[in-house]
Structure formats: structure tokens, C-alpha cells
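Secondary and tertiary structure notes
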Amino acid sequence: MITLNHYLALSAMLFAIGTAGVFLRRNVITLLLSIEIMLNAVNLTFIAAGRQFAAVDGQVIVFFVMTVAAAEAAVGLAIVIALFRHRESLNPEAFTSLKW
Amino acid sequence: MAFDAVLFYLFAALAVGASLLVIGQRNPVYSVLLLIASFAALAGLYVLLDAPFAAVTQMIVYAGAIMVLFLFVVMLLNVPREDAAEWDRSHPLNRPGAMRFGAVLAGLLLLELSWAVWHVSTRQPMALSETSPGSVASVAAIGRSIFTDYAFPFEATSVLILVAMVGAVILARRGQGLE
Amino acid sequence: MPAIDPVFIVQIALIVVVFHALLLSAAGMVWAERKVAARLQQRFGPTLVGPAGLLQPFADVLKLFFKEELRPKAADKILFHIAPIISAMTAFLAFCVVPFGPPSTFFGLLDKPVPLYVADVPVAVLVIFAVASMGVYGIVLAGWSSNSKYSLLGGLRSSAQMISYELSYGMALAAVLVLANSLSLQETVNAQAGYWHLFGVPVAPRWFVFVQPIGFFVFMTAGIAETNRAPFDFPEAEQELVAGYHTEYSSMSFALFFLAEYVNMVTVSAVATNLYLGGWHLQPLPEWLGIVWWFLKLSTLLFFYLWLRWTLPRYRYDQLMQFGWKFLLPLSVVNLLVTAAGVLYFGL
């Protein structure tokens, strides 16, 4: 019997994996991928909750989250390309010139 | 309903496994492809949750557009496989004392997370309500909701996409910026 | 035979039949392409193998089967083998939601009519669109994993072309959805039943192509660009001059790519038949002849595809992209707006 708790637990696991990816990886593209994992975990929560409370708002909000994720991925990748042209490296440690 | 349970565990295992490999393995092209597999598993879960429109939109937007963009960037920039650069080895946080402390903290976090998951799952489970699929899932209902209750966010996202398009074109342009 | 549902058997049989029919149709398309090309060029084409060269595709398959399977040393092992599989898989997957006949009881063998398609999905049109988006990956991965400059360029160009034309494809689909008021292909076909009457005389069937001629044009053009066929096959024709995404592939992998291409053509034509040409409806004839009529319409569209390839010169790549973004996309958006206005104000 699959309950809401199962879906919430799965969503928590995916979110944790995404957060771990953001902290652990040394590649800005994998960083962006981990952010997408987190967004997807949240989408799963919305849809499961929407199904639980028989509301269509779950799917509507997921629709908006996907749109925002698309816009953010596009701009993020454009920034990555611009950074790569500048430094020839995709390691976030290479862009620390504003640190003291 | 046992078939549903089997499908849920299958898709869940695929999603979690693929995500772990995304952050765990070194080749960026494989990471992108594994994330696509994770998205496909999530789309399957959405179908199980009576949300076919969300599932198909997930495949079209996420797996079909955003990931293609990621793949293009990875291929064009010829992203090398990741390995520890030399500044990693001389980083102050790479000393044994710091590593042990970090391992302790990670262990505590893992304990807490598993306690939370176990505690939640042994409580009174909230069963997924048996709604008739037509009421929640129909695309017409979603459309009606988007264009009436959520009309303002809808228009705002169209402005957002326009801004993102202009921003992406300008940021990725070769040259000295605005002339 | 205690509890085996006859409907279940029919569904399994449908899967088997559809799969083999698609394989046969790809073989048939290979033959038809060579014959049509030959006749358009005032020669005969294959005539030796079998009557009128009908066994030629099977001879081709046998030849490809016995060729050596090569892999460049520096190519990525896993991706090199997965790419043609992805292409072929998405091509077959898209046809699963396309209905090819009226709900039939198979001459009274079943008690209630079973719709003739593999999967009954309420959002069928979007599934086709989603699977078409997935098809891009086969080409991109093929181009990249071959680890050769020309393959990479060909693959990237081809996939950029496919995703650009997907937009117009989707907009043309959206205009038909507005008319049909449903996302299911079965409903869309049923919305085209019947005739229009002028002074009591049936003058034209209620096909959407008469209501949406521009939409039909946009859909077919975008479909031809999606399947990388002439006159939009610059990324593929590059291989006659230089190389394309399937340079490094040989024998069965190459065959898989071409299988994918022909099955994609069949799918686009099948979807166009259902959306615009009325599917299987032909009022005076009995219902069960619907499949034959559907097949005739499909063959007409496929012939049109072949005719275009061997008649028109191909677009250069930048002309192709300009055409897609600056002409076809605005046209399809305007088409959608006009259709929506028409449905609102004139109640079409």
C-alpha cells in the first residue's frame, strides 16, 4: 500500500542527493544538474500533495516550477559559457578572485 | 494494487540510483544522461499519481529541452572528466582533523535523516485518497485553473521567459559586451 | 481457459502486429523510395530481386547483416552502441499511441469494440510530441560518441534543426487541439466524421485540412524537417560531401538509424492522417473498411514525402534555420490565434 509518506520520503531523499551534489562537486555543470535534481524533488512533493488533497493546484504549480527551471537553466548555462571563455576552467574554485 | 507498489518501488529505485550516479561519477556526459533517466523515472511516478499531463510536460520540457541544452553545452565546451586539481590537495580543509570532523557531522546527518524517514513511515500513514481520476487529472481542469486563478503568474512567467531569452543571448555572446 | 480476457489477447496481438507492421513498412519504404526515385529520374530502379524488385529491401538487410560491425577506437563504448538504439526505440514508441482504425469487434469475435491502437492514453498528442523530443538524443549522442569532428558537427546541426522545428510542429498541433477540443487522437478523428452540406448536398468531408490548410502545411513541413528528410536534409547530405552523424556506423547500427528514419516518417504521416485527413472515416462505406481507407491516406502522404525528396533541391543550413524560425514559427503562431478566434466567435 503506497501512501503519501512513501512519496514524501522519496522526495526527501532526492532533495538530499541534490544538496550533496551541490556541496561535493567541482564542476559547475554538475552543480546545475544537482539544482535540477532538487527542483524535481520539490515537483514530486507538489504532485503527491495535489493528489492527496484532490486539488489541481499541484500540477499547476509544477507547471510553473518547470517553466522557471527552464529559464534558470538557460541563463545559468549562458553564464557558464561566458565564464569558461574567460578562464578555460569549469571548476568553481577557479573563480575566487572576489574572495580575499 | 500490488502492481502499483511494484511500479512505485521500481521507479523510485531508478530515480534515486540515477541521481546518486549523477553526483557520483566523473564523466559529465554520463551525468546528463543519467539525469534524463532520473527524470523519466519521475515521469513514471507522476503517471502513478494520476497526473499524466505533468508526466508528459516533464518529458517535453525537462528531458526534451533543458537536458538537450545541458548536453549541447557539455559537448561544445568539451568538458573534461573531473579530477582533483592541485589546489584541492593544499586546501586547508583537506587536513585529517577537518576530515574526521566532517565525517562525524555527515554521520550525524545521515542518522537524523534516516530517523526522520523511519519515524514518518511508521506513523499513521495518510493513504492516498481514492479520487476519481477525471476530477483531478483532466487537462481541461488544469487549463481552466491556469487561466483563471493563476492568470497573473502565467503572464509573469511569459515575461520571465522573455527576460531569460534576452539574457542568455547577451551573456553567451562573444565580443566586448554591449557596443 | 479460465480467466484469460479476450481483450487482453487482442492487446498483445495488437502490440505484435503493430511492431511487425512498422518493420514491414520500413522495408516497403526502402523499396518505394528506390522505385519512386528511379521513375522520377526516368529509369527503372531495382527489378532483379523478386517481382518488380520487391525483395530488394530484404536483400539489403541481409547484406547489412553480414557486414562487419566497426567501432572507432577512441569512440565512447557505451554511448556509441546506445545511440542507434535510442533512435530506433523512440521511433517505434511514437507509433504506440496512434490509432489506425475504428474500434472494431473483429467481425463479432469480441463483444465490445476495442480501439485499434497499442496504448490508450488521454494525452496522446502530447506523448507524440514528448517522444519526438527524445528522438533528438539518438542523433546528438551518435554525433558526439563517434569522436570525430564531422560527426559531431553533423550531429549538433541535425539536432539543432530538429529542436527548432519542434516548435512549429507543436503550434500546428495546438491549433488542431483547439478545433478538436481534446488531446486524445481517437477523439480528434471522431470529430472529423461526417460531411459538410451545401444546400443539402454533401460537398466535402469534415476533414480538418479544409479548415486549417496553413496548419497542415506547417505540420507537414515541420514533420519533414523533424525527420531530417529533403529538402531539409543538409545535416544528412553533408555525408555525401563530408560526413554526418552516422559516418562511423556500419552494418546493423547503420540499419537501425535508417529504420528509425523511415519509421519516423511513417509516424508523422500517420499522425497527419489522423489529425488533418480524417483518419478512417468514410461515411457511405462500412466501418470495417476504415483501416484500408486510412492506409490509403497514409500511403498518399508517404508518396508525397518521397516525391519531395527527389524533386526539390536541399536547403542550405542557415536558410533552413531561418525558414524555421523566421517564417514557419510566426506562421504557426498566427494560425493558432486565428483558429482560436474562429472557434470562439464563429463556433467552428
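Source: prediction; values computed, not measured.

In terms of regular secondary structure, chain C is built from twelve helices and two strands. The linear arrangement of helices and strands in chain C, starting from the amino end, is α-α-α-α-α-α-β-β-α-α-α-α-α-α. Here chain C, with 348 residues, has 43% of them falling under the buried criterion. The long-range fraction of contacts in chain C, counting pairs at least 24 apart against all pairs at least 6 apart in sequence, stands at 76%.

For chain B, the helix and strand inventory stands at eight helices and zero strands. The order of α-helices and β-strands along chain B, N terminus first, is α-α-α-α-α-α-α-α. A total of 179 residues make up chain B; the buried ones form 28% of that total. Sequence-distant contacts in chain B: of pairs separated by 6 or more residues, those separated by 24 or more amount to 53%.

As a further point, take unusual backbone geometry. Residue and element names in this part refer to chain C. With a phi close to 60 degrees, Gln42 is a non-glycine residue in the positive phi region. Note that Gln42 resides in the loop between α1 (6-40) and α2 (56-66). The phi dihedral of Asn228 falls on the positive side, at around 60 degrees, and the residue is not glycine. Mapping Asn228 onto the fold places it in the loop between α8 (213-226) and α9 (234-241).

Facing the 15 residues of chain C at the interface are 13 residues of chain B. Contributions of two or more residues to the side of chain C that touches chain B are made by α4 (124-145) and α5 (149-180) of chain C. Here the element with the most residues in the side of chain C that touches chain B is α4 of chain C; it accounts for nine residues.

Let's shift gears to the pairing of strand β2 (residues 201-205) of chain C. Looking along a regular strand, one sees side chains alternate from face to face of the sheet. All names here are of chain C. In terms of residue burial, β2 counts as a barely covered element, since only zero of its five residues are buried. Summarising the sheet, strand β1 (residues 195-198) and β2 pair through four bridges and their orientation is antiparallel. Following the sheet pairing, Trp196 is matched in β2 by Ala204.

Facing 65 residues of chain B, the contacting portion of chain A comprises 59 residues. Each residue belonging to the side of chain B that touches chain A can be placed in one class, and the counts come to 51 nonpolar, eleven polar and three charged.

Our next topic: the domain arrangement of chain B. For chain B, the assigned domains are domain 1 (1-81) and domain 2 (138-179). The distance between the C-alpha centroids of domain 1 of chain B and domain 2 of chain B comes to 23 Å.

Turning next to the nonpolar core. If you look at the biggest cluster of nonpolar residues, it comprises 153 residues, and the most contacted ones within it are Met67 and Phe70 of chain B together with Val127 and Ile128 of chain C. If you tally residues by element for this core, the top one is α4 of chain C, at 17 residues. Two domains share this core, each providing at least three of its residues, namely domain 1 (1-81) and domain 2 (138-179) of chain B. The residues touching Met67 of chain B, leaving out its near neighbours within four places in the chain, are Val32, Leu35, Ile36 and Tyr62 of chain B.

Right, let's talk about the packing of helix α2 (residues 28-52) of chain A against helix α3 (residues 57-87) of chain A for a bit. Residues and elements named next belong to chain A. Two numbers describe how α2 lies on α3: the axes approach to 9 Å, and their chain directions differ by 175 degrees. One way to sum up the angle between α2 and α3 is to call them roughly antiparallel. Here α2 contributes Val28, Ile29, Leu32, Glu36, Leu39, Val42, Asn43, Phe46, Ile47, Ala49, Gly50 and Arg51 to the contact with α3, which in turn contributes Asp57, Gly58, Gln59, Ile61, Val62, Val65, Ala69, Ala73, Gly76 and Val80. When the residues that make up the contact of α2 with α3 are grouped by side-chain class, the tally is 14 nonpolar, five polar and three charged.

You can see Leu14 of chain C is positioned in helix α1. A C-alpha to C-alpha distance of 27 Å links Leu14 of chain C and Leu177 of chain C, two positions 163 residues apart in sequence.

Residues and elements named next belong to chain C. The end-to-end C-alpha separation of α1 is 48 Å, in line with the 51 Å expected for 35 residues at 1.5 Å each. Buried residues along α1 sit against α2, α10 (251-275) and α11 (290-309). Looking one or two residues beyond α1, the residue adopting positive phi is Gln42, at roughly 60 degrees.

Reading guide: rules and limits
Position numbers for residues start from 1 in each chain and track the written sequence from start to end. A letter from A marks each chain and a number from 1 marks each ligand, given out in the order of writing. For a predicted model such as this one, the threshold for reporting local features is a pLDDT of at least 70, and the threshold for listing and counting side-chain atom pairs is 80 or more; totals across whole chains, interfaces and linings nevertheless cover every residue. A run of H or I in DSSP counts as a helix once it spans at least four residues, and a run of E counts as a strand once it spans at least two, with each numbered from the N terminus. For the exposure call, what matters is how many other C-beta atoms sit within 10 Å of a residue's own: 20 or more marks it buried, 12 or fewer exposed, and in between partly exposed, using C-beta atoms placed from the backbone. Distance between backbone-placed C-beta atoms decides contact: two residues are in contact if it is within 7 Å. For two strands to be treated as a pair, DSSP must find at least two bridges joining them. Under the convention adopted here, Pro, Cys and the residues Ala, Val, Leu, Ile, Met, Phe, Trp and Tyr are nonpolar, Asp, Glu, Lys and Arg are charged, and Gly plus all remaining residues are polar. Residue ranges for the domains originate in an automatic or database domain assignment. Think of a nonpolar core as buried Ala, Val, Leu, Ile, Met, Phe, Trp, Tyr and Cys residues, each tied to the set through C-beta atoms within 7 Å. Lines are fitted to the C-alpha atoms to define the axes, a helix being fitted only along its stretch in contact, and any angle between axes, read from their N-to-C directions, falls within 0 to 180 degrees. Angular relationships are summarised with four words: roughly parallel below 35 degrees, roughly antiparallel beyond 145, roughly perpendicular across 65 to 115, and oblique for the angles in between. Each residue after the first adds 1.5 Å to the expected span of a helix.

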